[in-house]
Amino acid sequence: MIVASEISELKKILSTWKQNGDSIGFCPTMGTLHAGHMDLVETSKKQCSKTIVSIFINPTQFNDPKDFAAYPKNTDADLKLCEEKGVDLVFLPNVDVMYPKTSTPIQMSIPSLQSSLCGRTRPGHFEGVLQIVAKLFHLTEPNFAFFGLKDYQQFRVISAMVEELNFPIQVVGVPTKRESDGLAMSSRNLRLTPKDRETASLIPRMFQLAKKTIMGGERDLKVWKEILTDFLLTGMNVKIDYLEVVDPITLQPVTNLSGKILLATAVFVGEVRLIDNEILNCPPT
Ligand code: PAF
């Protein structure tokens, strides 16, 4: 496995691969890799002849400096895991490589997809995500790029950027990998205390309750949301950042429980902000 920290090293290897006709799969990450990231790698390896993982904790997507400072870092373990999984190249740049002091930052946004969910409660977050992902796409020149669907809004926003700006890349969404109690895998789970970790299992249970309540005949969106909110708030140390119901394509709020809807939530359990979502198929009204 090659570990490249400089753009010149990365480009040299890419040009050899391109000359050989390799297809390139790219899995961008912020490190502290877990089985969910490894699913991205496995999906890439099935589809592409070379797989690149990038590890870079991108400062421009954190709207809260405390959250950035607390973000876990585990580079040695990450590299070991990538090696074991047969990753071909890890791109591991530092901040000066990605944002040289002389750079003039560009800001991109897709307002219609950013006015709800995390875009609403984390101002500036997706501008930072689009900035870094566009840069990484140009640097790694992949044919396919793999993103976890736990970050569904991120997947939608990046897919839209690729489509609108005609990047020659196919964006692939990979289903959320879950712990045995249903909690979505996330690097942030490591920061939960044992008690908060128990509380966090309310999130996947809330999705089960959502399905059961719809199937039980509850069709009033307001009442349904209240039931789910009350359920989450039975947990100790829980603060709901949002619990929203939107159209899975436009990410605009829906007005009734019918057809395909995206139920998405962000919850603070203690200090740790966890997100999750599920697409529900509601019977027509
Ligand atoms: O999902 C993430 O880990 C990050 O938002 C990404 C896509 C690597 C950009 O920094």
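What counts, and where the lines are drawn
- Counting restarts for each chain: residues are numbered from 1 in the order of the written sequence.
- Per-residue local features are limited, in this predicted model, to residues with pLDDT of at least 70; the limit for side-chain atom pairs, both in listing and counting, is 80 or more; totals at the level of whole chains, interfaces and linings are taken over all residues.
- The side-chain figures draw on all heavy atoms in the structure; neither hydrogens nor water molecules are used.
- Strands here are runs of E lasting at least two residues and helices are runs of H or I lasting at least four, both read from the DSSP assignment and numbered beginning at the N terminus.
- In this setup the radius of gyration rests on C-alpha atoms only. A globule is expected at 2.2 Å times the number of residues raised to 0.38.
- Contacts are assigned to residue pairs with any non-hydrogen atoms lying within 4.5 Å of each other.
- With residues, only the protein chains shown are counted as cover, and all accessible areas are computed by Shrake-Rupley using a 1.4 Å probe.
- Charge counting follows a simple rule: Lys and Arg are positive, Asp and Glu are negative, and His as well as the terminal groups are ignored.
- To locate a charge, the coordinates of NZ of Lys, CZ of Arg, CG of Asp or CD of Glu are taken.
- UniProt positions are given in the numbering used here, feature names are shortened, and annotations may be inferred rather than shown by experiment.
- For every residue, the accessible area obtained with a 1.4 Å probe (protein chains only) is divided by the maximum for its type, and the residue is called buried under 20%, exposed over 50%, and partly exposed between those limits.
- Being near a molecule or strand, for a residue, comes down to having at least one heavy atom within 4 Å of it.
- Counted as a polar contact is a pair of N or O atoms within 3.5 Å, where, for protein atoms, one must be capable of donating a hydrogen and the other of accepting one, and residues adjacent in sequence contribute only when both atoms are in side chains.
- Any residue outside Ala, Val, Leu, Ile, Met, Phe, Trp, Tyr, Cys, Pro, Asp, Glu, Lys and Arg is labelled polar, Gly included; the first ten of those are nonpolar and the last four are charged.
- Within this document, salt bridges are pairs made up of a side-chain nitrogen of Lys or Arg and a carboxyl oxygen of Asp or Glu, the two lying within 4 Å of each other.
- Two strands form a pair only when DSSP identifies at least two bridges running between them.
- Throughout, an axis means a line fitted to C-alpha atoms (over the contacting stretch in the case of helices), and angles, computed between N-to-C directions, take values from 0 to 180 degrees.

### Details of the overall build of the protein
- When its secondary structure is counted, the protein shows twelve helices and nine strands.
- Over its C-alpha trace the protein gives a radius of gyration of 20 Å, about what one expects of a compact globule, namely 19 Å for 285 residues.
- With the C-alpha coordinates aligned to their principal axes, the bounding extent of the protein is approximately 60 × 40 × 40 Å.
- Contacts spanning at least 24 positions in sequence make up 72% of the contacts within the protein whose residues lie at least 6 apart.
- Split by element, the accessible area of the protein, about 13,600 Å² in all, is 53% carbon and sulfur.
- The protein carries 31 positive and 32 negative side-chain charges, and their two centres are separated by 1 Å.

### Comments concerning the UniProt feature "active site" (unreviewed entry) in the protein
- With numbering aligned to this structure, UniProt lists the feature "active site" (unreviewed entry) at His37.
- Counting through the fold element by element, His37 comes out in helix 2 (residues 35-47).
- Exposure remark for His37: the relative accessible area of 13% places this residue in the buried category.
- Beyond its immediate sequence surroundings of up to four residues, His37 is in contact with Thr29, Gly31, Thr32 and Ser187.

### A word on the site of the ligand
- Neighbouring the ligand are the residues Pro28, Thr29, Met30, Asn58, Gln61, Ile132, Val133, Phe147 and Gln154.
- Between the ligand and the protein, one listed contact pairs an oxygen atom with a side-chain N or O atom of Gln61 at 2.6 Å.
- At 2.7 Å from an oxygen atom of the ligand is found a side-chain nitrogen or oxygen belonging to Gln154.
- In the complex, the protein chains occlude 89% of the 290 Å² of accessible area that the ligand would expose alone.
- Those elements giving two or more residues to the shell around the ligand turn out to be strand 2 (24-29) and helix 8 (125-140).
- Here the residues of the shell around the ligand are counted per class, giving five nonpolar, four polar and no charged.

### Re the pattern of salt bridges
- Overall, the coordinates contain 15 salt bridges when judged by the stated rule.
- When the shortest N-O distance is used, the salt bridge between Glu244 and Arg120 registers 2.7 Å. Separated by 124 residues along the polypeptide, Glu244 in strand 7 (residues 238-246) and Arg120 in helix 7 (residues 117-121) bring together distant segments of the chain.
- According to the relative accessible area criterion, Arg120 is partly exposed, its value standing at 45%.
- Ionic pairing is found between Arg197 and Asp181, a salt bridge with its closest N-O pair at 2.9 Å. In this pair, Arg197 sits in helix 10 (residues 194-200) while Asp181 sits in the loop between strand 6 (170-174) and helix 10, placing the two residues 16 residues apart along the sequence.
- We classify Arg197 as partly exposed; its relative accessible area is 24%.
- What you see here is one network of salt bridges that share partners, running through Asp67, Arg122, Arg188 and Arg191.

### Describing the sheet that holds strand 3 (residues 50-55)
- Judged by pairing direction, the sheet is parallel, and its six strands sit side by side in the order 1-4-3-2-5-6 without closing on themselves. Two strands bound the open sheet, and with one partner strand each, they are strand 1 (2-4) and strand 6. The sheet shows a mean angle of 25° between the axes of neighbouring strands, direction not considered.
- Pairing geometry for strand 3 and strand 4 (residues 89-91), over three bridges, is parallel. For Ile52, the partnering residue across the bridge sits in strand 4 and is Leu89.
- Packed onto the sheet, helix 2 meets strand 2, strand 3, strand 5 (144-148) and strand 6 and runs at close to 155° relative to strand 5.
- Across the sheet, helix 9 (residues 152-164) touches strand 5 and strand 6, and the angle it forms with strand 6 is around 170°.

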